[in-house]
Amino acid sequence: PVLRGQFTQIKTLQEISAPLKSTGRFIISRTQGIYWHTLTPFDSEFILTPTQMLQVDSGKVAVRIDAATQPGLKVVGDVFFSIFNLDPAALANNFTLYGMPANKGWVMGLRPRNSALASVLTQAVITGDQRVSKVELLAAHGDHTEITLQTSSGPVALTLQDAALFRQ
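Everything quoted here is computed from the prediction, not taken from an experiment.

Caption draft 1: Summary view of the overall build of the protein chain. Looking only at helices and strands, the protein chain features four helices and eleven strands. Scaling as 2.2 N^0.38, a compact globule of 168 residues should have a C-alpha radius of gyration of about 15 Å, and the protein chain matches this with 16 Å. Expressed as a percentage of contacts within the protein chain between residues at least 6 apart in sequence, the contacts between residues at least 24 apart total 36%. Considering the protein chain, the positive charge centre built from 14 side chains and the negative charge centre built from 12 side chains are found 5 Å apart.

Caption draft 2: Quick peek at the packing of aromatic side chains. Applying the stated criterion across every chain yields a total of three aromatic pairs. Grouping aromatic residues by their ring pairs yields a cluster made of F7, F26 and W36.

Caption draft 3: Summary view of the layout of surface pockets. Estimates place the volume of the largest pocket at around 1,100 Å³. Those elements that provide at least two residues to the lining of the largest pocket are β1 (2-12), β2 (20-29), β3 (33-40), β4 (44-48), α1 (72-85), α3 (115-118), β10 (132-139) and β11 (144-151). Residue contributions to the lining of the largest pocket peak at seven residues, all from α1. Within the lining of the largest pocket, the residues separate by chemical class into 21 nonpolar, ten polar and four charged.

Caption draft 4: Up close: the pattern of salt bridges. Inspection of the entire model under this criterion finds two salt bridges. Among the ionic pairs, R4 bridges to D162, the shortest N-O distance being 2.5 Å. Of this pair, R4 sits in strand β1 while D162 sits in helix α4 (residues 160-165), and the two are 158 residues apart along the sequence. Taken individually, R4 and D162 each receive the classification buried, so the pair is uniform in this respect. Across the pair E136 and K134 runs a salt bridge whose closest N-O atoms are separated by 3.9 Å. Given the relative accessible area of 25%, K134 is considered partly exposed.

Caption draft 5: Summary view of the pairing of β4. Within β4, four of the five residues are buried, leaving the element largely enclosed by the surrounding structure. Examined bridge by bridge, β3 and β4 share five bridges and lie antiparallel to one another. By the bridge assignment, W36 is partnered in β4 with F46. Where β3 folds back onto β4 in an antiparallel hairpin, the turn is made up of three residues.

Caption draft 6: Structural detail: α1. The first and last C-alpha atoms of α1 sit 20 Å apart over 14 residues, in line with the 20 Å expected at 1.5 Å per residue. Along α1, the residues that are buried comprise L73, G77, V79, F81, S82, I83, F84 and N85. Immediately beyond the C-terminal end of α1, within one or two residues, lies L86, with a positive phi of roughly 50°.

Reading the values: the criteria
- Residues numbered from 1 in each chain as written.
- Predicted model: local features only at pLDDT ≥ 70, side-chain atom pairs only at ≥ 80, totals over all residues.
- Heavy atoms only, no water.
- Helix = DSSP H or I, 4+ residues; strand = E, 2+ residues; numbered from the N terminus.
- Rg over C-alpha atoms; globule rule 2.2 N^0.38 Å.
- Contact = heavy atoms within 4.5 Å.
- Lys, Arg positive; Asp, Glu negative; His and termini not counted.
- Charge placed at Lys NZ, Arg CZ, Asp CG, Glu CD.
- Phe/Tyr/Trp six-rings, centres within 6.5 Å; stacked < 30°, edge-to-face > 60°.
- 1 Å grid on protein atoms, 1.4 Å probe; cavity = no way out; pocket = protein on both sides within 12 Å on 5 of 7 lines; lining within 4 Å.
- Points joined across faces, edges and corners; volume = space filled by probe spheres on them.
- Nonpolar A, V, L, I, M, F, W, Y, C, P; charged D, E, K, R; others polar.
- Salt bridge = Lys/Arg side-chain N within 4 Å of Asp/Glu carboxyl O.
- Buried < 20%, exposed > 50% of the residue type's maximum accessible area, 1.4 Å probe, protein only.
- Pairing = 2+ DSSP bridges.
- Expected span 1.5 Å × (residues − 1).

This is the structure we're talking about:
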């Protein structure tokens, strides 16, 4: 029900010659959403729940989007929840799924089914063994994001402190 751990994200942008690297911690809850706390190179929190998206920079709310007023947020949320929770049935709603050879573990590729999603993302590749360990996102405009997840052991349910992170 809950995954937690550390992440390293390397983003390669068409406009910038050197890749951008960030690190931090995450909590993914099947019921509450995704809490993504970037620690380096700067402090930023991203919280995606079924009802809202929130970005908090240096302790202050920078962006708050309510799913009731922005219907597209639900689609974005569904896609990210499906990827990080590795829900093949939900992924198949938005993507054509395909397997790829792997030295160990498994690799799943995703290609968007609809043009709206394809205008943003051309492909996603998810790698793992027992859990998702890497997600690669290939943007339609040529950018590339590679996210490596290192899950840690911890409570299988949200602690009170964790739950409070989703209610900011």
